Amino acid sequence: MTVKNDRSTPLLSLVIPFYNESSCIDGVCSELHQVLSDNSDTVPTWECILVDDGSQDQTGQLIEDWTARHPHFRAVHITPNSGQSAALQAGFQAARGLYVGTMDGDGQNDPRDLPLLLGELQRRHVDMMCGIRVRRADSVIRKVSSRIANGVRRTILQDGITDVGCAIRVFRRDCLAHVPFFRNAHRFFPALVMAAGFHVAETSVRHRPRLKGASKYGTGINNRLWVGLADLAGVYWLRRRALPYHISETMKE
């Protein structure tokens, strides 16, 4: 893993994984820069960590171009292509913010929801705020597969999360040190955060059609349900055996 453009501590670190998304990068980054610049009262300091997940197109070079031109952006490159959870973990390790946010790199998440999520997290005094895509701009197959996968997960894990597939979220950074990572862990972030003893809430967010291209990470009923059953069993095991304590120490004068 390589990291470029180190910066001092911001309020929010936003992590965006990209895999062969060269057609989307300029649009996503331009809109994000504009939105966060316009919301400096809510997010006065921020950084955006662009993670190239072993892309084979021009994604890596475009990420480098953005970090060279804009000091708010940082570049992380991982090789080989290792999946969305690995890309997020690499971004989290590079993040310096008090809060850490995530969103997809295809333009379907609206960056205007980031100040909303951060504000709701602070107002409700929780550790993780998840988005719920109320009006999804996806195909029927994707909607159905997501509904089935969400229903199976909620039944087994009893996590109460409506839309675990929604990629736009905000965490308190200190939660992430307690979350185990593995392939497809991103599909279970709320349950893993809860298992570590933290509090999770949800709020409605926008959802839009994809900017360009097609999804590079897996879609469909087979990928979202059957492939995830082993992961679901593993998360169930982890939750049953988690040690959700936090340490405080009284200092002697």
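Only a predicted model underlies this, so the values are computations on that prediction, with no experimental measurement involved. (Residues numbered from 1 in each chain as written. Predicted model: local features only at pLDDT ≥ 70, side-chain atom pairs only at ≥ 80, totals over all residues. Heavy atoms only, no water.)

Caption draft 1: Expanded view of the packing of helix α1 (residues 25-38) against helix α2 (residues 59-69). At a minimum axis separation of 10 Å, α1 and α2 run at an interaxial angle of 25°. On the basis of their axis angle, the class for α1 and α2 is roughly parallel. As for the relative orientation of α1 and α2, their crossing is right-handed in sense. Contacts from Ile25, Asp26, Cys29 and Ser30 of α1 reach α2 at Thr59, Leu62, Ile63 and Trp66. Class assignment for the residues of the contact of α1 with α2 results in five nonpolar, two polar and one charged. (Axes fitted to C-alpha atoms, helices over the stretch in contact; angles between N-to-C directions. Helix = DSSP H or I, 4+ residues; strand = E, 2+ residues; numbered from the N terminus. Parallel < 35°, antiparallel > 145°, perpendicular 65-115°, else oblique. Left-handed = near helix turned anticlockwise from the far one by under 90°. Contact = heavy atoms within 4.5 Å. Nonpolar A, V, L, I, M, F, W, Y, C, P; charged D, E, K, R; others polar.)

Caption draft 2: Geometry of the pattern of salt bridges. One pass over the full model with this rule turns up 10 salt bridges. Between Arg208 and Glu31 there is a salt bridge, with its nearest N and O atoms 2.8 Å apart. Placement of Arg208 in the loop between β8 (200-205) and α7 (220-226) and of Glu31 in helix α1 is noted, with a sequence separation of 177 residues between them. We classify Glu31 as partly exposed; its relative accessible area is 28%. With a shortest N-O distance of 3.1 Å, Arg74 and Glu47 are connected by a salt bridge. In this pair, Arg74 is assigned in strand β4 (residues 73-78) and Glu47 in strand β3 (residues 46-53), connecting sequence segments 27 residues apart. One network of salt bridges, in which partners are shared, links Glu31, Asp110, Arg112, Asp113, Arg206 and Arg208. (Salt bridge = Lys/Arg side-chain N within 4 Å of Asp/Glu carboxyl O. Buried < 20%, exposed > 50% of the residue type's maximum accessible area, 1.4 Å probe, protein only.)

Caption draft 3: Examining the packing of aromatic side chains more closely. Tallying each qualifying case throughout the model produces seven aromatic pairs. Ring plane angle 70° and centroid distance 5.9 Å describe the contact between Phe92 and Phe171, whose orientation is recorded as edge-to-face. One end of the pair, Phe92, is in helix α3 (residues 84-94); the other, Phe171, is in strand β7 (residues 169-172), with 79 residues separating them in the sequence. Phe171 carries the same exposure label as Phe92, and that label is buried. Seen from their ring centres, Phe171 and Phe189 are 5.8 Å apart, and the 80° between their planes marks the pair as edge-to-face. One end of the pair, Phe171, is in strand β7; the other, Phe189, is in helix α6 (residues 189-195), with 18 residues separating them in the sequence. Among the aromatic residues, those joined into a cluster by ring pairs are Phe92, Phe171, Phe181 and Phe189. The ring of Trp66 has Arg69 sitting right over it, with the charged end atom 5.1 Å from the ring centre. (Phe/Tyr/Trp six-rings, centres within 6.5 Å; stacked < 30°, edge-to-face > 60°. Lys NZ or Arg CZ within 6 Å of the ring centre and 35° of its normal.)

Caption draft 4: Representation of the pairing of β8. Among the six residues in β8, five count as buried, and that is most of the element. Pairing of strand β6 (residues 128-133) with β8, which is carried by six bridges, proceeds in the parallel orientation. Within the sheet, the bridge partner assigned to Arg133 lies in β8 and is Val205. (Pairing = 2+ DSSP bridges.)

Caption draft 5: Unusual backbone geometry, seen in detail. The omega torsion of the bond from Thr79 to Pro80 falls at -5°, within 30 degrees of zero and hence cis. Within the fold, Pro80 resides in the loop between β4 and α3. Despite not being glycine, Asn20 shows a phi value in the positive range, around 55°. Tracing the sequence through the fold places Asn20 in the loop between β2 (12-18) and α1. Classification of Asn20 by relative accessible area gives buried; the value is 17%.

Caption draft 6: Molecular detail of the state of the cysteines. All chains considered together, the criterion is met by zero disulfides. For Cys29, which is in no disulfide, the shortest distance to another cysteine sulfur is to Cys48 and amounts to 5.8 Å. Given the relative accessible area of 0%, Cys29 is considered buried. When its relative accessible area of 0% is taken as the criterion, Cys48 is described as buried. (Disulfide = S-S within 2.5 Å.)

Caption draft 7: Looking closely at the nonpolar core. Within the largest apolar cluster, 33 residues are counted, with the highest numbers of intra-cluster contacts made by Ile16, Leu32, Cys48, Leu50, Phe73 and Met103. Among the elements of the structure, β2, α1, β3, α2, β4, α4 (113-124) and β8 are those that each provide at least two residues to this core. Counting residues per element, this core draws most heavily on α1, at five residues. In contact with Leu32, other than residues within four places in its own chain, are Leu14, Ile16, Cys48, Phe73, Met103, Pro111 and Leu114. Phe92, Val100, Val164 and Phe189 belong to the second largest nonpolar core, which has 28 residues in total. (Core = buried A, V, L, I, M, F, W, Y, C linked by side-chain atoms within 4.5 Å.)

Don't take any of this as a statement about function, it's just geometry.
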